[in-house]
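Descriptive structure summary
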Amino acid sequence: MIFDKIKKIEVEVFSKCNRRCNWCPNVALDRLKENFHMDEETYLRLLHNLKDNGFKGEISFSRYNEPTANHKVLQKRVRQAKEILPNNYMLCNTNGDYLRRKGDEILDGLMLDELNIMDYDCRGIEHGKELFKKCNIKEKSKKGFTGNQQAKYSANNKLIGEYKNIKIVHYYADWPKHHQIETRGGFFIDSKTGKPKKVISNYGNKGVEVPFKKNATRRKHPCNKPTINMNIDFNGVVNPCCHIRSDNPEHEKYGLGNINEMSVHEIYTSEKAVKFRKLLMSGNWQDYPDPCKYCTKG
């Protein structure tokens, strides 16, 4: 089946994010004022279409929203996904704000396989341990991991835990100090100079410039992300990359289709989607679309 190629699908079940981080396009593209929800019928049709086409990959409930901003909707959508696609791996990322306020009310009944908590405020590792206790997340030992997993979990700025049915909970302490950022589909590239804009942290590590991966140099190699990923916005638009989003006016023309109007199979196999994938895999970097010119993914 053609969906064997797809390893991960991102889906926004609603639009709201409660923050405006300087390293995210939400700093200018408003996700605060209103919360637009994906239609439930559309969402269920998506899940059944994935099942019918043999999709076996990951489902992430994170894009440019904060998934726990409406934890009841998140819980319901994850539960529906598990009922229709019981063998798929499901995860999401969170800034942890609602966990700090409501504790395990957020997590109880949340049928994820993985939850990643990002410490954007640089509260530190001890805060992570306190948050685990508040949410009844059981901290797990880092011992026993080998190879890539050992490297992944040995860092002092990371905690791992588990919560009831959530197999693994990651806490990434001091996130702005340990992570480099992407150009986000050209959002952080100066169109006149072709150079990355200066991004200053407005949360943890406040006032310090946040570095770009590989200094956001001109891309000169192929990208497989449009082949192995699908990225679906709250409004149903399917994008070829996690950095391309339909609420950015500069990205509107790159949307591949809308699941309110077409199935994901029809969208993935459409002439527009096939052409985009072939271009990005061709290595003809001079012809790459604007959002891809300075991207380091793939």
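Below you will find a few notes about this structure. (Residues numbered from 1 in each chain as written. Predicted model: local features only at pLDDT ≥ 70, side-chain atom pairs only at ≥ 80, totals over all residues. Heavy atoms only, no water.)

**A few points about the nonpolar core**
Counting residues in each nonpolar core, the largest one holds 49 residues, and the members touching the most others are Phe61, Leu107, Leu112, Leu115, Ile117 and Ile232. Ranked by residue count, the leading element in this core is helix α2 (residues 71–84), at 5 residues. With near-sequence residues (within four places) excluded, Leu115 lies in contact with Cys92, Thr94, Leu99, Leu107, Ile166, Ile168, Val169 and His170. With 18 residues, the next largest nonpolar core counts Cys21, Phe188, Ala216 and Tyr294 among its residues. (Core = buried A, V, L, I, M, F, W, Y, C linked by side-chain atoms within 4.5 Å. Buried < 20%, exposed > 50% of the residue type's maximum accessible area, 1.4 Å probe, protein only. Helix = DSSP H or I, 4+ residues; strand = E, 2+ residues; numbered from the N terminus. Contact = heavy atoms within 4.5 Å.)

**Brief notes about the packing of aromatic side chains**
All chains considered together, the criterion is met by 8 aromatic pairs. Relative to Tyr268, the ring of Phe3 lies with its centre 5.8 Å away and its plane at 75°, an arrangement referred to as edge-to-face. Taken as a pair, Phe3 in the segment before β1 (8–11) and Tyr268 in helix α8 (residues 264–268) lie far apart in primary sequence, 265 residues in all. Judged on exposure class, the residue Phe3 and its partner Tyr268 are both buried. (Phe/Tyr/Trp six-rings, centres within 6.5 Å; stacked < 30°, edge-to-face > 60°.)

**Overview of unusual backbone geometry**
Peptide bonds are mostly trans, and most non-glycine residues show a negative phi. Of note in this structure, Cys122 is not a glycine but carries a positive phi near 55°. Residue Cys122 is classed as buried on the basis of its relative accessible area, which comes to 18%. In the Ramachandran plot, Asn205 falls in the positive-phi region, its phi being about 60° despite a non-glycine side chain. Note that Asn205 resides in the loop between α6 (175–178) and α7 (225–228).

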